[in-house]
Amino acid sequence: MMGKTVVIIGAGLGGLFTGAILAKEGLSVKVLEKNHAIGGGLQTFTRFGEDFDTGMHILGGMQEGGNVRYICRYLGIFDQIKLKDVDEDCTDKLYFSEDKTFYTIGKGREGFVTSLSKSFPEEKDNLYKYVDALFNLTDKVDLFNLRPSQGQLSLYAGSNEFLIPANAFIAQYTKNKRLQSVLAYMNPLYGGVKDKTPAYIHAIISSLYIKGASRFVDGSSHFADLLAKVITDNGGEIYVNDGVERIEIKDKLVHCIKTKSGKVLKADYYISAIHPCTMFGLMDTKAFPKAYVDIFTIY
């Protein structure tokens with residue numbers, strides 16, 4: 001892979017992480033960002049002397065043994081990230097206006113079940129089964145566990161629950177409608193859609209935060225800056241305030257990328273770290289099977 005070139009569209013968390021890993025592995029990386037600042041949901045703003053995170057207020061995967069922690073150590077930035085773990089007995093606190101009730105979420109499998117059992121004592125056994133099912137799903141996802149992937153088929157190995165909708169997955173373990181809503185509270189945070197979002201996505205997000213979450217001490221934008229520095233220190237480039245005008249396709253392959261400032265970029269690899277619907281608007285969608293395009297445009 002040494003000497004290969006890659007262009008990444010989007011300098012949010014996904015684009016920066018991808019760019020940092022590839023740059024460290026010796027690829028020549030160029031990242032394109034349409035906004036004046038990198039980071040996407042990692043951006044912060046300052047008001048009255050205080051910093052406010054715009055999107056990512058807490059981060060999972062940074063606990064001992066966590067996958068994000070492992071990657072940050074590999075990139076050499078973990079010791080520079082200033083984090084504070086959230087309280088173990090209250091990683092999250094939910095308020096439902098319908099019944100004017102707060103629900104507290106505890107850390108870890110035991111803490112998660114114990115905390116919710118206080119509000120739903122008759123559901124304790126079901127909560128244990130639900131949490132076990134969550135972790136059984138995530139344990140089988142190779143890339144989530146930083147194992148070499150055996151290909152897409154490995155995603156479904158040993159379980160028929162991977163692709164059922166998240167709400168149907170939850171309903172298998174409790175018939176209590178209020179508890180179903182509490183267990184699904186993470187879905188809107190990552191754009192989950194009822195009857196659409198697959199169970200394994202719900203499981204991955206939920207398990208990250210059940211294991212424990214951390215807050216950025218000095219603002220989430222510092223994390224974006226650290227990832228960007230890995231890219232530039234390894235010879236990569238990041239262009240801000242220069243969005244993609246057009247993705248040119250030839251024979252169903254990306255030929256080049258044209259930016260709004262007039263740059264024409266060619267590379268061995270092209271990676272889109274933006275929403276698929278946005279990406280489709282920049283290119284000839286005939287480059288993809290119609291069924292694939294319909295998945296993202298049906299909404």
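This text follows the structure it describes.
Here's a quick rundown of the structure.

### Structural notes on the overall build of the chain
Next, step 1: Looking only at helices and strands, the chain has ten helices and 14 strands in total.
Next, step 2: What you see for the chain is a C-alpha radius of gyration of 21 Å, in line with the 19 Å of a compact globule of 299 residues.
Next, step 3: Considering only C-alpha atoms, the chain reaches an extent of 60 × 50 × 35 Å along its principal axes.
Next, step 4: The 299 residues of the chain split such that 42% are buried.
Next, step 5: By sequence separation, contacts in the chain at least 24 residues apart represent 59% of the contacts at least 6 residues apart.
Next, step 6: Of the roughly 16,400 Å² of accessible surface on the chain, 53% is carried by carbon and sulfur atoms.
Next, step 7: Separation between the mean location of the 35 positive side-chain charges and that of the 34 negative ones in the chain comes to 4 Å.

### Digging into the packing of aromatic side chains
Next, step 1: Under the counting rule described, the total for this entry stands at eleven aromatic pairs.
Next, step 2: By way of ring pairs, the aromatic residues Phe 112, Tyr 130, Phe 169 and Tyr 173 are connected into one cluster.
Next, step 3: When the ring centre of Tyr 74 is taken as origin, the NZ or CZ atom of Lys 24, which lies over that ring, is 5.5 Å away.
Next, step 4: Above the plane of the ring of Phe 135 lies Arg 109, whose end atom (NZ or CZ) is 4.0 Å from the centre.

### Thoughts on the nonpolar core
Next, step 1: By size, the foremost hydrophobic cluster in this structure holds 36 residues, and its most contacted members are Phe 112, Tyr 130, Phe 169, Val 182 and Leu 183.
Next, step 2: Those elements that provide at least two residues to this core are strand 7 (92-96), strand 8 (101-105), helix 3 (108-117), helix 4 (124-139), helix 5 (166-171), helix 6 (177-183) and helix 7 (199-210).
Next, step 3: Among residues more than four places away in sequence, those in contact with Tyr 130 are Phe 112, Phe 169, Ile 170, Tyr 173, Leu 183, His 202 and Ser 206.
Next, step 4: If you look at the next biggest cluster of nonpolar residues, it comprises 30 residues, including Ile 8, Leu 22, Ala 23 and Leu 227.

### Considerations on the sheet that holds strand 11 (residues 244-250)
Next, step 1: With respect to topology, three strands assemble into an open sheet ordered 11-12-13, the strand pairing being antiparallel. In this open sheet, the two edge strands, each paired with only one partner strand, are strand 11 and strand 13 (264-265).
Next, step 2: Examined bridge by bridge, strand 12 (residues 253-259) and strand 13 share two bridges and lie antiparallel to one another. The partner of Lys 258 across the bridge, within strand 13, is Val 264.

### Quick notes on the side chain of Gln 180
Next, step 1: Along the chain, Gln 180 falls in helix 6.
Next, step 2: Those residues in contact with Gln 180 that lie beyond four places of it in its chain are Ile 170, Ala 171, Thr 174 and Lys 175.

### Points about the pairing of strand 8
Next, step 1: Sheet topology places strand 7 next to strand 8; five bridges connect them, and they run antiparallel. Looking across to strand 8, one finds that Asp 92 is bridged to Ile 105.
Next, step 2: Counting the residues between successive antiparallel strands, the hairpin from strand 7 to strand 8 contains four residues, one of them, Lys 100, with a positive phi of roughly 50°.

### A short note on the sheet that holds strand 9 (residues 213-216)
Next, step 1: Taken in spatial order, the three strands make up an open sheet running 5-9-6, and their pairing is antiparallel. Strands at the two margins of the open sheet, each flanked by one partner only, are strand 5 (58-60) and strand 6 (83-85). In this sheet, adjacent strand axes meet at a mean angle of 40° when their direction is disregarded.
Next, step 2: Where strand 5 meets strand 9, three bridges bridge the pair, whose relative direction is antiparallel. Directly across from Leu 59, in strand 9, lies its bridge partner Ser 214.

### Quick word on the packing of helix 4 against helix 7
Next, step 1: Direction vectors running N to C along helix 4 and helix 7 enclose 105°, while the axes themselves pass 8 Å from each other. The angle between the axes of helix 4 and helix 7 places the two elements in the roughly perpendicular class. Residues Tyr 130, Leu 134, Phe 135, Leu 137 and Thr 138 of helix 4 touch helix 7, and the partners they reach there are Ala 199, Tyr 200, His 202, Ala 203, Ile 204, Ser 206, Ser 207 and Ile 210.
Next, step 2: A class-by-class count of the residues in the contact of helix 4 with helix 7 yields nine nonpolar, four polar and no charged.

So, how was this worked out
- Within every chain, residues take consecutive numbers counted from 1 along the sequence as written.
- Local features in this predicted model are restricted to residues whose pLDDT is 70 or higher, and side-chain atom pairs enter the listing and the counts only when it is 80 or higher, whereas totals over whole chains, interfaces and linings include all residues.
- Water and hydrogen atoms play no part in the side-chain values, which are based on all heavy atoms of the structure.
- By definition, any uninterrupted DSSP run of H or I lasting at least four residues is a helix, any uninterrupted run of E lasting at least two residues is a strand, and each is numbered from the N terminus.
- For this measure, only C-alpha atoms enter the radius of gyration; the expected value for a globule follows 2.2 Å times N^0.38, where N is the number of residues.
- Relative accessible area decides the class of each residue, using a 1.4 Å probe on protein chains only: under 20% of the type maximum gives buried, over 50% gives exposed, and in between gives partly exposed.
- Any two residues having at least one pair of non-hydrogen atoms within 4.5 Å are treated as being in contact.
- Computed with the Shrake-Rupley method and a 1.4 Å probe, the accessible areas treat only the protein chains shown as cover for residues.
- The positive count covers Lys and Arg only, the negative count covers Asp and Glu only, and His and the chain ends enter neither.
- One atom stands in for each charge, and that atom is NZ of Lys, CZ of Arg, CG of Asp or CD of Glu.
- Pairs were defined over the aromatic rings of Phe, Tyr and Trp, the Trp ring being its six-membered one, requiring ring centres within 6.5 Å. Orientation was assigned from the angle between planes: stacked under 30 degrees, edge-to-face over 60, tilted for the rest.
- Ring-over charges, as used throughout, are those where CZ of Arg or NZ of Lys falls within 6 Å of the ring centre and within 35 degrees of the ring normal.
- What makes a nonpolar core is a set of buried Ala, Val, Leu, Ile, Met, Phe, Trp, Tyr and Cys residues whose side-chain atoms join them at distances within 4.5 Å.
- Between any two strands, pairing holds if DSSP finds at least two bridges.
- To define axes, lines are fitted to C-alpha atoms, for helices over the stretch in contact only, and angles between the resulting N-to-C directions are given on a 0 to 180 degree scale.
- Geometric relationships in this document are graded by angle, where less than 35 degrees denotes roughly parallel, more than 145 denotes roughly antiparallel, 65 to 115 denotes roughly perpendicular, and other angles denote oblique.
- Residues are sorted three ways: Asp, Glu, Lys and Arg are charged, Ala, Val, Leu, Ile, Met, Phe, Trp, Tyr, Cys and Pro are nonpolar, and all the rest, Gly among them, are polar.

Interpretation note: all reported values are geometric properties and have no functional meaning in isolation.
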